[in-house]
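Residues per chain are reported as follows:
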Amino acid sequence: MIKNFEKRPAEFAAEVKAAAESGYISELAAKARAEKNEIAAFAAVYLAVQKGLGLTPFDSQIIAGGYLDDENVVELATGEGKTIAAVFAAYLSVCRGERVHILTFNDYLAKRDREWMKPIYDLLGISTAYITEKSTHDERKAAYGADVLYITVKECGFDFLRDFLVTEPEDAVGCECVRAIVDEADSLLIDEARIPLVAAGIMDAQKDAELPGIFEFAKALTDEDYATDEGTAAAYLTASGEEKAEARFGIGNIYDEENNELLAKINDSLKALYVLAEDKDYIVKDGAVRIIDAFTGRIAENRSFPGILQSAVEMKHGLDVTERGVIMGSIPIQFFLRQYGRVSGMTGTALSAKDEFNELYGLIVKHVDPNTPSIREDKPMAVYYDEGSKLAAVVEEIRTAHEKGQPVLVGTADIAQSERLSALLDEAEIEHTVLNAKNDELEAEIIRNAGMPGAVTVSTNMAGRGVDIKLGGADEKERDKAVEAGGLYAIGTFLAESERINDQLRGRSARQGDPGCSRLFVSLDEKIMTIYKLKKLIPSHKYPEPTTEEITEKTVLREVARIQRISQGKTLDERVRLLKFTMIGEKHRDLTFSARRQYLTGEKKPTIWQDHYAIRYGDALMLFGEERLAKAQRDYITALINVQWSRYLEYAASLREGIHLSAIGGKNPAEEYNIACEEYFGDMGEALTEDMGKALERMIEVAPELPDPPRPKRIYTYLLEDTGDELERRTLAEALMGEIDYDEYGEYYEEYRPSDSPKKEKESEPKEKKGLFSKLFGKK
Ligand code: ADP
Ligand code: MG
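Within each chain, residue numbers correspond to sequence positions counted from 1 in written order. Both sets of labels track the order of writing: A upward for chains, 1 upward for ligands. Only residues with pLDDT of at least 70 are given local features in this predicted model, and only at 80 or more are side-chain atom pairs given and counted; all residues enter the totals for whole chains, interfaces and linings. To obtain the side-chain values, all non-hydrogen atoms of the structure were used and water was disregarded.

Asks: What is the right way to look at helix 6 (residues 107-124) in this model?
Replies: Each full turn of the α-helix corresponds to 3.6 residues, which orients residues three or four apart in the same direction. Where helices and strands are cited, they refer to DSSP runs of H or I of at least four residues and of E of at least two residues respectively, numbered from the N terminus. One fewer than the residue count of a helix, multiplied by 1.5 Å, yields its expected span. Counted at 1.5 Å a residue, the expected span for helix 6 with its 18 residues is 26 Å, and the 25 Å between its end C-alpha atoms agrees. By the largest-angle criterion, Lys-118 marks the main kink of helix 6, which is about 50°, and a proline, Pro-119, follows within four residues. Categorising residues by exposure relies on relative accessible area from a 1.4 Å probe, with only protein chains included: less than 20% of the type maximum marks a residue as buried, more than 50% marks it as exposed, and the intermediate range marks it as partly exposed. Where helix 6 is concerned, the buried positions are Asp-107, Tyr-108, Leu-109, Ala-110, Asp-113, Arg-114, Met-117, Ile-120, Tyr-121 and Leu-124. What qualifies as a polar contact is a pair of N or O atoms within 3.5 Å, subject to a donor-acceptor requirement within protein and to the restriction that residues adjacent in sequence count only when both atoms come from side chains. The N-cap of helix 6, judged by a side-chain oxygen 3.2 Å from the amide nitrogen of Tyr-108 a few residues on, is Asn-106. Positive backbone phi, at 75°, marks Gly-125, one or two positions downstream of helix 6. In this scheme, the bend at a residue equals the angle between the axes fitted to the seven residues that finish there and the seven that begin there.

Asks: Whenever I open this one, the packing of aromatic side chains confuses me. Can you help?
Replies: Think of a pair of aromatic rings as described by two things: how far the centres are apart, and how the planes are tilted against each other in angle. Aromatic rings from Phe, Tyr and Trp, taking only the six-membered ring of Trp, are treated as a pair when their centres fall within 6.5 Å; an angle between ring planes under 30 degrees marks them as stacked, one over 60 as edge-to-face, and anything in between as tilted. If you walk through the whole model with that rule in mind, you get 18 aromatic pairs. Summarising the aromatic geometry, the rings of Phe-12 and Phe-42 are spaced 5.2 Å apart at their centres and angled 80° between planes, so their arrangement reads as edge-to-face. One end of the pair, Phe-12, is in helix 1 (residues 9-21); the other, Phe-42, is in helix 3 (residues 38-53), with 30 residues separating them in the sequence. The exposure class of Phe-42 is buried, given its relative accessible area of 0%. Between Tyr-121 and Tyr-150, the ring centres sit 6.4 Å apart and the planes meet at 65°, which makes this aromatic pair edge-to-face. Of this pair, Tyr-121 sits in helix 6 while Tyr-150 sits in strand 4 (residues 148-152), and the two are 29 residues apart along the sequence. Considered together, Tyr-121 and Tyr-150 belong to a single accessibility category, that of buried residues. Aromatic ring contacts, followed pair by pair, group Phe-5, Phe-12, Phe-42, Tyr-67 and Phe-88 into a single cluster.

Asks: How should I be thinking about helix 10 (residues 211-220) in this particular structure?
Replies: Here helix 10 has its buried residues at Leu-211, Ile-214, Phe-215, Phe-217 and Ala-218. Down the axis, helix 10 shows its buried residues gathered within 160° of arc, on one side only. In what follows, residue pairs with any heavy atoms lying within 4.5 Å of each other are defined as contacts. Where helix 10 is buried, its residues contact helix 11 (239-248), helix 12 (260-275) and helix 13 (307-316). The directions considered for the arc run from the helix axis to the C-beta atoms.

Asks: For this particular structure, what's the right way to read the site of ligand 1?
Replies: Taken together, 18 residues sit near ligand 1, with Thr-56, Gln-61, Gly-79, Lys-82 and Thr-83 positioned nearest. Between ligand 1 and Thr-83, the relevant distance is 2.4 Å, taken from an oxygen atom to a side-chain nitrogen or oxygen of the residue. Taking Lys-470, its side chain carries an N or O atom lying 3.4 Å from an oxygen atom of ligand 1. If one sorts the elements of the shell around ligand 1 by residue count, helix 5 (residues 82-95) sits on top with 3 residues. For the shell around ligand 1, a count of residues per class yields 6 nonpolar, 7 polar and 5 charged. Summary of the distance rule: residues count as near a molecule or strand when at least one heavy atom falls within 4 Å of that molecule or strand. Each residue is assigned to one of three groups, with Ala, Val, Leu, Ile, Met, Phe, Trp, Tyr, Cys and Pro labelled nonpolar, Asp, Glu, Lys and Arg labelled charged, and all others, Gly among them, labelled polar.

Asks: Explain the sheet that holds strand 6 (residues 196-204) to me, please; I cannot follow it from the model alone.
Replies: Within a sheet, adjacent strands bond to each other through the backbone by hydrogen bonds, running parallel or antiparallel. Here we have 3 strands laid out as an open sheet, ordered 11-6-21, and antiparallel in their pairing. Looking along the sheet, the strands with just one partner apiece sit at the ends: strand 11 (323-332) and strand 21 (714-719). Pairs of neighbouring strands in the sheet enclose a mean axial angle of 25°, with direction left out of account. Strand pairing is defined by DSSP finding a minimum of two bridges between the two strands. Taken together, the 9 bridges between strand 6 and strand 11 define a ladder with antiparallel strand orientation. Across the sheet, the residue bridging to Ala-200 is Ile-327, located in strand 11. To obtain each axis, a line is fitted to C-alpha atoms, and for helices this fit is confined to the stretch in contact; angles are then taken between N-to-C directions over 0 to 180 degrees.

Asks: Would you mind showing me how to read the nonpolar core here?
Replies: One recurring pattern in soluble globular proteins is that nonpolar side chains are buried together. Counting residues in hydrophobic clusters, the biggest one holds 82 residues, and the most contacted among them are Tyr-340, Phe-357 and Trp-609. Apart from residues no more than four positions distant in its own chain, Phe-357 is found in contact with Val-73, Ala-185, Asp-186, Leu-189, Ile-190, Ala-350, Gly-362, Leu-363 and Val-365. The nonpolar core is taken to be a set of buried Ala, Val, Leu, Ile, Met, Phe, Trp, Tyr and Cys residues, with the residues joined through side-chain atoms within 4.5 Å.

Asks: What is the right way to read the packing of helix 3 against helix 6 from this model?
Replies: Axis separation between helix 3 and helix 6 bottoms out at 8 Å; the angle between their running directions is 125°. With respect to each other, helix 3 and helix 6 are oriented oblique. Regarding helix 3 and helix 6, the two cross each other, and that crossing is right-handed. Note on element contacts: helix 6 touches helix 3 through Trp-116, Met-117, Pro-119, Ile-120, Leu-123 and Leu-124, opposite Ala-44, Val-45, Ala-48, Val-49, Lys-51, Gly-52 and Leu-53. Of the residues in the contact of helix 3 with helix 6, the class split is 11 nonpolar, 1 polar and 1 charged. Geometric relationships in this document are graded by angle, where less than 35 degrees denotes roughly parallel, more than 145 denotes roughly antiparallel, 65 to 115 denotes roughly perpendicular, and other angles denote oblique. Helix crossings get a hand from a simple test, with the near helix turned counterclockwise from the far one by less than a right angle marking a left-handed crossing and a clockwise turn marking a right-handed one.

Asks: Quick question: what am I supposed to make of the environment of Leu-263 here?
Replies: Note that Leu-263 resides in helix 12. Linking Leu-263 and Ser-654, residues 391 residues apart in sequence, is a C-alpha distance of 8.6 Å.

Asks: Sorry, what's going on with the pattern of salt bridges here?
Replies: Pairing between side chains becomes possible if they bear opposite charge and their charged atoms approach one another. Definition used for salt bridges: Asp or Glu carboxyl oxygen within 4 Å of a side-chain nitrogen of Lys or Arg. Scanning the entire structure with this criterion turns up 45 salt bridges. The salt bridge partner of Lys-17 is Asp-59, with a shortest N-O separation of 2.7 Å. With Lys-17 in helix 1 and Asp-59 in helix 4 (residues 59-68), this residue pair connects regions lying 42 residues apart in the sequence. Take Lys-17: its relative accessible area is 26%, and that puts it in the partly exposed class. With its nearest N and O atoms 3.1 Å apart, the salt bridge here joins Arg-448 to Glu-445. Here Glu-445 and Arg-448 lie together in helix 18 (residues 440-448), a separation of 3 residues that amounts to about one turn. Its relative accessible area of 31% is what places Arg-448 among the partly exposed residues.

Put into structure tokens, the structure is as follows:
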């Protein structure tokens, strides 16, 4: 961090400008590198921006850059030039010898920002690169060598996982996590934090000898023996089913820990039989079960249902499959970011999520005033009885704006709502553009034009993040027209789970001192109102009768606003608890990944054969010679670590399936889960030694041939966005949360804090500023 920066950000900016005025880029850059001089580094960037882009950085950008050098999340409004602000911090890091990853919101922005900023970096003499989904292996390898790399967290995380699976050190692309600057930080660090990145391999299918019997048992059950839950897509045994299972498999209590695996297999069989539907969830094609993606409705290539669920579905259709996808590695985004030694972030909307940033990551939110103060008018929230009257009102609002030539951007809850609104606009004969393509580039193009006079653009709330909406596009005359009509009007059509998400849309209007306004339209039938029981918060005599008019009753308005605060508090609490729930796995992954890397690179020589199978090792030495045997030992241990780790992941998943039930017995499920994982991991070393022993036997048996270690034939990666993850399921979340009484929750919300929040500590030691996250892991 920059010395004393936070005490005097404005002075710092002044010093930077003074140094820039009396210096040259090359001279300042040399000083910055040689002395790691912060003023010189910033001044060099300042001049390079002027020369390379023809822009003069604002003080707000220099100050944002200063905050970015420490573990902060900088809040600087949309359109204020954060892309350039990040260059200041990135360059300073490079001067200190760190390689920097600038993590962008999508592939389009990775490429755009790198190309856009390249002239600056070129003048400073440092190398830059970008990576997108399309980048080849060789391109990636080269790009990771650059001083500053623009990349999405997704691509970077996939590379990290793939590097765990390579068989030769030189096959790794060398994704090293040193220093990250996260753009649109709230989206990545909060909204998408829990999404796991997954790397899977095609392996020879291993037959599970128990499964057919279990499947037949499930198939023979009657309606009373099981129940299904549509919401969570889960199936489970009822009391009579439990009895039957206990009798059939000769066990005590099916919910006892030793029966977790059996229970998971029964549940998967039930799910395959009674929840998953052919032609809806999957299709059977060429003798194989193929998943249909819930979002796109298309076949998800290379995907299979997790673990034995896939086998169960295959059995349902009498299929015999010889290959299968096995999850070889996975990492939720929040833990991937944890791999970095140093992280900071920037976004237009951070303050309303400052607790999240602090508790989950130990990051402090710093607000930086925009260069030109915002003159946006935020109109009061408009509340309607139901979705129909709300959207009708939105259409009228759009019509009024549209007719006077004011551009309108509507942010909807989801694609379905976009389409409903679009149909209504068609009826009203209002020309508009609907954005629901999953194509970043096209999306950017449409959003960029959303500021043209009279333009009406309907899109989901987050679409086109990072793309600047200039009033009137590049045309001065058009700009004047749009300004005269009042600037961009941002309309939200739903109450988001947090204020921040509604703010995100608002922030797209009135950039850089432009005129603009915003308004949020909500209705009492939105799901969020039901979840947090709006009806109970409002005394029944005050709850409105059905009406198409705007509702103005003060109690209603107040309680609707409260719903969002309750939701915010609860989501944070859930996030903290889920984080605790999974923390142990993260420790285990770190240990496993680093052990494998050390064996692969030769940093550490495996000696399992020498230590545990000395005699057979001696035999093998005669057969293969020392060099071949050493290489074989390395190849086997790396491959078998992968196998062990994929088993661990499968075990942990089956555990999560059953573990929430221990809450009923009064135990703490997070603790139970951690203990079980710890035990399993403890046994893994022994299992690995055994596998290594078997491999050695096999080698001696088939000598002089050297059999291949068990490796996936092919690797593929994906995001587990469509939440097959048990952690996302309500049952588990609720078990973790205990019984939640939302009525009460609302009452004590204002004082409410998660039980072991680091807040108190923070007050006594304000300099520590470590969140739960750092407490769990300690600093690297
Ligand atoms: P943000 O990421 O904060 O939303 P961007 O980095 O996308 O903003 O920049 C928004 C716009 O502001 C761009 O068109 C950029 O060219 C312009 N801009 C950035 N910095 C300056 C500056 N110092 N002077 C003038 N225009 C600037
Ligand atoms: Mg941006």
